[in-house]
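Chain and residue survey
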Amino acid sequence: MRKDFLWGGATAANQCEGGFNEGNRGLGTVDVIPWGENRFPVMLGDMDYKSLPEDSYFPGREAIDMYHTYKEDIALFAEMGFKCYRFSFSWSRIFPTGEEERPNEEGLKFYEDFIDELLKYNIEPVVTICHFDVPLALVEKYGSWKNRKLIDCYVAYCDAIFRRFKDKVKYWITFNEINILLHLPFMGAGIQFKEGENKTQVKYQAAHNELVASARATKLAHEINPDFMVGCMLAAGNFYPYSCRPEDVFDAMNKDRDNYFFIDVQARGEYPAYARKMFEREGIVLETEEEDFTILKENTVDYITFSYYSSRCTTTDPEVLGKSTAGNVMSSVKNPYLKASEWGWQIDPLGIRITLNSLYDRYQKPLFIVENGLGAIDKVEADGSISDDYRIDYLKEHILAMMDAVDEDGVDLLGYTPWGCIDLVSASTGEMSKRYGFIYVDKDDAGKGSLKRSRKKSFEWYKNVIETNGEAL
Ligand code: BGP
């Protein structure tokens, strides 16, 4: 492994920051996604958050309160030896309604202090500009990313943060898991559907708007600081054909393409032929401007980041299709060769090597694994200790496969940041009990707890992994 390999951890504002009404922050989509049975309908964009019962609990509003505890949390990351830390800015903390003439100074100052704290320990910040949050005012006024007006709002936001952090942040990621907008449109992109709307048309229009926004942000970033590294981000994990029936293989190829679509545009600069044909078939007509295509072509990303939790499996056989299981963003047919987490996410360490190779073969750009991990229920012993050997096992296997991709296959990999290095609110379920961290946070699903932090067994283990550059697993 390269000596400057960026070992670290990843989180996002919407799942850990809290402080939802402090520092002049405006409301964002994260603040209206409830816990419980209404969560999915809201995340899908099928249920209007304004119709939610008054006693709904919104776990993102306080989350793990990192807004107030970041110094303590960063000290713990530093103790583990983090070389980098991936986190996101809350858009509505900087532009409370998304359209102010000037950014909110309190918001910028908060992130400046946050970044200075990281730099104090020589931890390289990796900033996701938009991780599942849009200022709510933009949802109300424009229907969020349905409307290309959002491109200008997003670019103005980027302009403010690129200028302010010109000399402090090098690594930027434009949109977290950009492909999630096809699957959970409100969570991913603030989209709510109106009665009778053509959902596919709406989703691909929003995708186009985000893709143009991402390319314009990349252009601007390079104008402000040519050393900036601007990346895209994919919820990755290859689709395996359930059998070697050509129909299954073809189906897996097409499902992979649904994901690659976004990165094909961001990394190669144009809509792939298969997508243009799909638009024709589905009757999708995008509202575009001529210059969009030049902007996309001339401003491809510098590196490709992705999350990997599991591989996926697919078939056209209706009998097998019935046996599906959950997974990050997309459900999958159960792969009989794999075990799964308590949430049904299948565990496939070799899959991370396969995914790394597929992405590197396809794009030949540096890669960065910015999410990976096992969501699990941790048991706190009477003495306060937590023996999360299952987490260590999962990470160990994945790191080994990742190192093989680098050392044996020659993949150019910049870094590795396991997801939820400190316990945080789960994006899919809104639960606290689905934990990923090396650091435990005392809080339960209903929002009760002291928020106290403590080190799990995996904390020491990961510290050692970083110290030995992956030698001691
Ligand atoms: C990804 C998201 C993260 C994170 C992770 C784990 O989709 O980028 O925000 O939450 O998955 O998912 P979950 O929290 O649902 O276990």
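Remember, predicted model here, so these are calculated numbers, not experimental data.

1. Examining the overall build of the protein
Scanning the protein from terminus to terminus reveals 16 helices and 16 strands. Rg of the C-alpha trace for the protein: 21 Å, near the compact-globule value of 23 Å for 473 residues, within the 12% margin. Principal-axis analysis of the C-alpha atoms places the extent of the protein at approximately 60 × 55 × 50 Å. The buried share of the protein, taken over its 473 residues, is 51%. For the protein, restricting intrachain contacts to residue pairs at least 6 apart in sequence, the fraction spanning at least 24 positions comes to 75%.

2. Structural notes on the sheet that holds strand β1 (residues 6–10)
Strand order in the closed barrel formed by eight strands is β1-β2-β3-β4-β5-β7-β13-β14, with parallel pairing between adjacent strands. Recorded for the sheet is a direction-independent mean angle of 30° between the axes of neighbouring strands. Judged from the two bridges that link them, β1 and strand β14 (residues 413–416) form a sheet pairing that is parallel. Within the sheet, the bridge partner assigned to Trp-7 lies in β14 and is Tyr-416. Sitting on the sheet, helix α10 (residues 246–268) touches β5 (229–235) and β7 (303–307), and the angle it makes with β5 is about 170°.

3. Some details on the site of the ligand
Taken together, 15 residues lie near the ligand, and Glu-177, Gly-375, Ser-426, Ala-427 and Ser-428 sit nearest. Partitioning the shell around the ligand into residue classes produces five nonpolar, seven polar and three charged.

4. Some remarks on the pairing of β1
Where burial is concerned, most of β1 is hidden: five out of the five residues are buried. The two faces of β1 match: Leu-6, Gly-8 and Ala-10 on one face and Trp-7 and Gly-9 on the other face are all buried. Of the pairings in the sheet, the one linking β1 to strand β2 (residues 84–88) comprises three bridges and is parallel in character. Along β2, the bridge assignment pairs Gly-8 with Cys-84.

5. Regarding the nonpolar core
In terms of nonpolar packing, the biggest core is built from 135 residues, with Val-127, Leu-234, Ile-304, Phe-306 and Leu-367 touching the most fellow members. Sort the elements by how many residues they give to this core and helix α9 (residues 199–224) lands first, with ten residues. Phe-306 has contacts with Met-233, Leu-234, Ala-236, Leu-359, Ile-369 and Val-370, leaving out every residue within four places of it along the chain. Among the nonpolar cores identified, the runner-up in size contains six residues, and Phe-239, Tyr-240, Cys-313 and Val-333 belong to it.

6. Thoughts on the packing of helix α14 (residues 349–363) against helix α15 (residues 389–407)
Put simply, α14 and α15 touch, their axes get as near as 7 Å, and they point 30° apart. One finds that α14 runs roughly parallel with respect to α15. Crossing geometry of α14 relative to α15 is assigned as right-handed. On the side of α14, the interface is formed by Pro-349, Leu-350, Ile-352, Arg-353, Leu-356 and Asn-357, while α15 contributes Glu-397, His-398, Leu-400, Ala-401, Met-402, Asp-404 and Ala-405. Classifying every residue of the contact of α14 with α15 gives eight nonpolar, two polar and three charged.

7. Looking at helix α11 (residues 273–282)
Within α11, only one of the ten residues are buried, which leaves the element largely exposed. One or two residues past the end of α11 sits Gly-283, with phi positive at roughly 70°.

8. Topic: the UniProt feature "active site" (unreviewed entry) in the protein
UniProt tags Glu-371 as "active site" (unreviewed entry). Note that Glu-371 resides in strand β13 (residues 367–371). Taking the C-beta count within 10 Å as the criterion, Glu-371 has 26 such neighbours and is therefore assigned buried.

9. Details of the packing of α9 against α10
Helix packing geometry: the angle between the two helix axes and the distance between the axes. Following both chains from N to C, one finds α9 and α10 inclined at 30°, their axes separated by 10 Å at the closest point. On the basis of their axis angle, the class for α9 and α10 is roughly parallel. The crossing of α9 and α10 is right-handed. Between α9 and α10, the residues in contact are Ala-207, Leu-211 and Ser-214 and Phe-262, Val-265 and Gln-266, respectively. Looking at the contact of α9 with α10 residue by residue, the class counts come to four nonpolar, two polar and no charged.

10. Quick word on unusual backbone geometry
Of note, the phi angle at Asn-122 is positive, near 60°, even though the residue is not glycine. The topology assignment puts Asn-122 in the loop between α5 (105–120) and β3 (124–128). Within the chain, Gln-364 stands out as a residue other than glycine whose phi angle is a positive 50°. For Gln-364, a count of 10 C-beta atoms within 10 Å puts it in the exposed group.

11. Here's the deal with α14
Taking 1.5 Å per residue, 15 residues should reach 21 Å; α14 reaches 22 Å between its end C-alpha atoms and fits that length. Within α14, burial applies to Pro-349, Gly-351, Ile-352, Arg-353, Thr-355, Leu-356, Leu-359, Tyr-360 and Tyr-363. Where α14 is buried, its residues contact α10, β7, β13, α15 and β14. Gln-364 sits one or two residues past α14 and shows a positive phi near 50°.

12. With respect to the environment of Phe-165
Here Phe-165 lies in the loop between α7 (149–164) and β4 (171–173). For the pair Phe-165 and Glu-112, spaced 53 residues apart in sequence, the C-alpha to C-alpha distance is 7.6 Å.

13. Quick word on the confidence of the model for the protein
In the predicted model, the protein carries a mean pLDDT of 97, and 100% of its residues have values of at least 70. This complex was scored by the predictor with a pTM of 0.97 and an ipTM of 0.98.

Cut-off values and rules
Residues numbered from 1 in each chain as written. Predicted model: local features only at pLDDT ≥ 70, side-chain atom pairs only at ≥ 80, totals over all residues. Helix = DSSP H or I, 4+ residues; strand = E, 2+ residues; numbered from the N terminus. Rg over C-alpha atoms; globule rule 2.2 N^0.38 Å. Buried ≥ 20, exposed ≤ 12 C-beta atoms within 10 Å, placed from the backbone. Contact = placed C-beta atoms within 7 Å. Pairing = 2+ DSSP bridges. Axes fitted to C-alpha atoms, helices over the stretch in contact; angles between N-to-C directions. Near = placed C-beta within 6 Å. Nonpolar A, V, L, I, M, F, W, Y, C, P; charged D, E, K, R; others polar. Core = buried A, V, L, I, M, F, W, Y, C linked by C-beta atoms within 7 Å. Parallel < 35°, antiparallel > 145°, perpendicular 65-115°, else oblique. Left-handed = near helix turned anticlockwise from the far one by under 90°. UniProt positions renumbered as here; feature names shortened; annotations may be inferred. Expected span 1.5 Å × (residues − 1). pLDDT = per-residue confidence, 0-100.

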